[in-house]
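Overview (structure and organization)
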Amino acid sequence: MRCRTAETGLLRGEGSRWLGSMAELHTDRLLLRRWRDSDLEPWAAMNADPEVREHLGDLLSRDRSDASVAQYQADFDRRGYGWWAVEVRGTGEFIGFAGLDPVDDGMPFTGVEIGWRLARSAWGQGYATEAARAVLAYGFDTLGLPEILAVTTSTNHRSQAVMRRIGMIRDPADDFDDPCAPDGPLRPNVLFRIARGART
Ligand SMILES: CC(C)(COP(=O)(O)OP(=O)(O)OC[C@H]1O[C@@H](n2cnc3c(N)ncnc32)[C@H](O)[C@@H]1OP(=O)(O)O)[C@@H](O)C(=O)NCCC(=O)NCCS
């Protein structure tokens, strides 16, 4: 582990509320919450959608999709942050995830990265940016992180647009090839950063 871990989860941040070992985050339109069994089916549908997976890799089987949720919940319980399930408050609809995760081992940098993944039907409504702002606030104000990173493929322009909207900056000198990705479009990656205090 190369980052701050679970103890930080004992703190309580503005706009967040503890539910067991996991804080809920509220925004104008969204609730970031613990995963529920009812999320598994729409989550699996997202992970079987080639458009959602275009910059992520293989489509996931239902078993692998379900296993990912079990892992997210275990990570959250262990360290106090991770991938929240994202729900639209007005309708209760599950639309994907957003959150924070330690950078994978083997990457040419270390730290904690922010990320998001929404169902295709939820794109184009500002939900990813709204969730990301709440996650950034949690990372800086509650976890006390000095910096948050974001990584995506060079061709994932929609995700890079979210990074820019929340005030993250890319230095082309940080561009790198993902050592875990096969040769092809998933390999060239970009790195965005934001320091505490630089949030917009
Ligand atoms: C990356 C991803 C989350 C981006 O979603 P997104 O909907 O494009 O991003 P935002 O939430 O910031 O929405 C911005 C769009 O909503 C529009 N919008 C509509 N209503 C809005 C509102 N009330 N507030 C803000 N923006 C609004 C914006 O104008 C913008 O439109 P545009 O795409 O035509 O420029 C989404 O494409 C995705 O899930 N991709 C697959 C998974 C993935 O690649 N994840 C990232 C891996 S690193």
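The shown structure was predicted, so the numbers you read here are calculated from the model rather than taken from an experiment. (Residues numbered from 1 in each chain as written. Predicted model: local features only at pLDDT ≥ 70, side-chain atom pairs only at ≥ 80, totals over all residues.)

**Considering the site of the ligand**
Condition: Only the C-beta atom, placed from the backbone, is used; a residue is near a molecule or strand if that atom lies within 6 Å of it. Every helix listed is a DSSP run of H or I at least four residues long, and every strand listed is a run of E at least two residues long, numbered separately from the N terminus. Note on residue categories: nonpolar means Ala, Val, Leu, Ile, Met, Phe, Trp, Tyr, Cys or Pro, charged means Asp, Glu, Lys or Arg, and polar means any other residue, Gly included.
Close to the ligand lie 20 residues, the nearest being W123, G126, A128, T129 and T152. Elements with a minimum of two residues in the shell around the ligand: β6 (112-118), α3 (127-142) and α4 (157-165). Residues of the shell around the ligand, tallied by class, amount to 8 nonpolar, 9 polar and 3 charged.

**Re the confidence of the model for the protein**
The test is simple: Scored from 0 to 100, pLDDT records how confident the predictor is in each individual residue. Any two residues are considered in contact once their C-beta atoms, placed from the backbone, lie within 7 Å.
On average, residues of the protein carry a pLDDT of 90, and 88% of them reach 70 or more. For residues 1-14, every residue scores under 50 in pLDDT, and the model assigns this stretch 26 contacts once sequence neighbours within four places are set aside.

**A short note on the environment of C180**
Worth spelling out the cut-off: Comment: burial labels come from other C-beta atoms within 10 Å of the residue's own C-beta, placed from the backbone, where a count of 20 or more is buried, 12 or fewer is exposed, and between is partly exposed.
Structurally, C180 is set in the loop between β9 (176-177) and β10 (188-195). The exposure class assigned to C180 is exposed, which follows from the 12 C-beta atoms found within 10 Å. Sequence separation between C180 and D104 is 76 residues, and the spatial gap between their C-alpha atoms is 9.6 Å.

**Points about α3**
Applicable threshold: Expected helix span is taken as 1.5 Å per residue step, with the number of steps being one fewer than the number of residues.
Taking 1.5 Å per residue, 16 residues should reach 22 Å; α3 reaches 22 Å between its end C-alpha atoms and fits that length. Considered for burial, the residues of α3 that qualify are Y127, A128, A131, A132, A134, V135, L136, Y138, G139, F140 and T142. Immediately downstream of α3, the backbone of G144 shows phi near 75°, a positive value.

**Looking at the pairing of strand β3 (residues 30-33)**
Worth spelling out the cut-off: Think of it this way: DSSP has to see at least two bridges between two strands before they count as a pair.
Across the two faces of β3 the burial differs, with L30 and L32 buried and L31 and R33 not buried at all. Bridge count for β3 against strand β4 (residues 83-88) is 4 bridges, and the pairing is antiparallel. Following the sheet pairing, R33 is matched in β4 by A85.

**Brief notes about α4**
Inclusion rule: The directions considered for the arc run from the helix axis to the C-beta atoms.
Turning to α4, its buried residues are S159, V162 and M163. Projected down its long axis, α4 shows its buried positions confined to an angular sector of 100°, all on one face. Away from its buried face by more than 90 degrees, α4 exposes H157 and A161. Contacts from the buried residues of α4 go to β6, α3, β7 (147-153) and β10.

**Quick look at the environment of G92**
Following the sequence through the fold, G92 ends up in the loop between β4 and β5 (94-102). By C-beta crowding, G92 is classed as exposed, having 9 other C-beta atoms within 10 Å.

**A word on the pairing of β10**
Sheet analysis places β7 next to β10, joined by 7 bridges and oriented antiparallel. Directly across from T152, in β10, lies its bridge partner V190. Inspection of the sheet shows strand β8 (residues 169-170) paired to β10 by 2 bridges, in the antiparallel sense. When the bridges of β10 are listed, R170 appears paired with F192. Bridge count between β9 and β10: 2 bridges; the pairing is antiparallel. For F176, the partnering residue across the bridge sits in β10 and is N189.

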